[in-house]
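Chain residues, written in single-letter form:
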Amino acid sequence: MKETLQAIYQIQKLDDRIRDNQGRLDQIPKDIADIQERLKESRSRLDEVNRQQEELARQKKSLEQEVEQTSANIKKHQTQLLAVKTNKEYSTMLHEIEGEKKNISDIEEQILTIMESLEKLALQETEENKVFTEAEGQSRGKQQELDKEAAGVSVKLDELKKAKQDSLKGLPKDILASYDKIGKARNGIAVVAVKSNACGGCFGNLPTQLLNRIRDMDKIITCENCGRILIWQDPKQQ
Ligand SMILES: [Zn+2]
């Protein structure tokens with residue numbers, strides 16, 4: 001019985017490592033997805049800055065064309081001014097030219113505001129570009145690292161599963177059945193060692209009489225509190 005108990009304790013240790021490694025293997029794709037998501041966010045911030053730059057450049061160009069067109073109109077009206085016959089016509093034309101000049105000055109003001117915004121956006125673009133380039137470089141390295149880690153964990157998992165299969169050989173079926181049953185009910189931990197006179201699973205204190213029976217290791221003793229199989233381990237081996 002002692003050997004059997006030691007053997008299921010070893011199986012438990014293998015199962016613990018299988019669970020940890022499986023957990024890591026399941027986590028790695030999520031870590032990679034997070035990296036890609038952050039990179040995507042950085043890219044879209046940069047795209048948004050570029051989009052605003054294009055939009056403002058387009059507005060600026062259209063305003064500049066308006067200035068050009070209005071300047072041409074002023075020139076035309078100034079020529080016409082020389083040819084008018086009446087005072088009324090003269091003052092109407094003059095009024096129109098003044099309106100056009102005012103219009104140009106308003107537009108030029110708008111152009112200045114746009115140019116200020118474009119300057120700010122250029123700084124933002126440089127900054128976002130830097131952040132994106134860095135993130136891209138880092139994420140490539142980090143993804144390679146994670147891929148490599150996943151491959152390593154996979155190999156380790158196969159080894160552990162094989163080791164478990166080997167350890168299962170020759171163990172009584174009824175004991176394995178209770179091991180599986182308790183494990184299912186207790187987060188995969190069916191066998192625990194006694195630690196400081198307490199159950200290593202639920203940390204409940206164990207009576208001295210029970211401790212003595214566990215130490216004998218001649219039958220399966222379970223924790224009265226959590227139902228896990230209790231194993232006596234020499235403190236030096238723990
Ligand atoms: Zn317990």
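Structural data are supplied above this passage.
This one's a predicted model, so the numbers in the text were calculated from it and none came from an experiment.

A.B. asks: What am I meant to see in the sheet that holds strand S3 (residues 229-231) here?
C.D. replies: Within a beta sheet, neighbouring strands are joined by backbone hydrogen bonds and run either parallel or antiparallel to one another. Read across the open sheet, the 3 strands follow the order S2-S1-S3; overall the sheet is mixed. The open sheet has two edge strands, strand S2 (198-199) and S3, and neither has a second partner. Here strand S1 (residues 191-195) runs beside S2; their pairing, made up of 2 bridges, is antiparallel. By the bridge assignment for S2, Lys195 is matched with Ala198.

A.B. asks: Would you explain the packing of aromatic side chains in this entry?
C.D. replies: Aromatic ring pairs are defined here through the distance separating the ring centres and the angle between the ring planes. The final tally for this structure, using the stated rule, is 0 aromatic pairs. Its guanidinium or amino end placed over the ring of Phe132, Arg43 lies 4.9 Å from that ring's centre, counting from NZ or CZ. The residue whose ring lies beneath Arg215 is Trp232, and the NZ or CZ to ring-centre distance is 4.3 Å.

A.B. asks: Is there a simple way to explain the coordination of the zinc ion in this structure?
C.D. replies: As a benchmark, a tetrahedral metal site with four donors has ideal angles of 109.5 degrees, while an octahedral site with six donors has ideal angles of 90 or 180 degrees. The protein atoms that coordinate the zinc ion are Cys199 (SG), Cys202 (SG), Cys223 (SG) and Cys226 (SG), at distances spanning 2.3 Å. Considering all 4 donor atoms around the zinc ion, angles at the metal cover 104 to 117° and the coordination shape is tetrahedral. Within one chain, the residues serving as donors to the zinc ion are arranged as C-x2-C-x20-C-x2-C. One end of the pair, Cys199, is in strand S2; the other, Cys223, is in the loop between helix H4 (208-216) and S3, and 24 residues separate them in sequence. Assessed through its relative accessible area of 0%, Cys199 is described here as buried.

A.B. asks: Is there a simple way to explain the nonpolar core in this structure?
C.D. replies: Generally speaking, nonpolar side chains in soluble globular proteins are found buried as a group. With 15 residues, the main nonpolar core has Leu5, Ile8, Val191, Ile229 and Ile231 as its most contacted residues. Elements supplying a minimum of two residues to this core: helix H1 (2-83), helix H3 (173-185), S1 and S3. Beyond its immediate sequence surroundings of up to four residues, Ile229 is in contact with Leu5, Ile8, Ile182, Ala190, Val191, Val192, Ile220, Ile221 and Thr222. With 13 residues, the next largest nonpolar core counts Leu63, Ile104, Ile111 and Leu121 among its residues.

A.B. asks: In this structure, what is going on with the environment of Val192? I would like to understand it.
C.D. replies: Residue position: Val192 is located in strand S1. We classify Val192 as buried; its relative accessible area is 7%. Expressed as a C-alpha distance, the spacing of Val192 and Tyr9, which sit 183 residues apart in the sequence, is 7.3 Å. For Val192, the residues in contact, after removing those within four places along its chain, are Tyr9, Cys199, Gly200, Gly201, Arg228, Ile229, Leu230 and Ile231.

A.B. asks: When you look at H3 in this model, what are you seeing that I'm missing?
C.D. replies: The periodicity of an α-helix, 3.6 residues per turn, causes residues three or four places apart in sequence to face the same way. Taking 1.5 Å as the rise per residue, H3 with 13 residues should run 18 Å; its terminal C-alpha atoms sit 19 Å apart, in good agreement. At its buried positions, H3 is contacted by H1, helix H2 (87-168), S1 and S3.

A.B. asks: Would you take a moment to explain H1 for this structure?
C.D. replies: Between its first and last C-alpha, H1 extends 122 Å over 82 residues, near the 122 Å set by a 1.5 Å rise per residue. Of all the bends in H1, the greatest, near 25°, is centred on Gln27, and the proline Pro29 appears no more than four residues after it.

The rules we used
Residues numbered from 1 in each chain as written. Predicted model: local features only at pLDDT ≥ 70, side-chain atom pairs only at ≥ 80, totals over all residues. Heavy atoms only, no water. Pairing = 2+ DSSP bridges. Helix = DSSP H or I, 4+ residues; strand = E, 2+ residues; numbered from the N terminus. Phe/Tyr/Trp six-rings, centres within 6.5 Å; stacked < 30°, edge-to-face > 60°. Lys NZ or Arg CZ within 6 Å of the ring centre and 35° of its normal. Donors = N, O, S within 2.8 Å, 3.2 Å for Na, K, Ca; no water. Tetrahedral: all angles 85-135°; square planar, octahedral: opposite > 155°, others 65-115°. Buried < 20%, exposed > 50% of the residue type's maximum accessible area, 1.4 Å probe, protein only. Core = buried A, V, L, I, M, F, W, Y, C linked by side-chain atoms within 4.5 Å. Contact = heavy atoms within 4.5 Å. Expected span 1.5 Å × (residues − 1). Bend = angle between axes of the 7 residues up to and from the residue.

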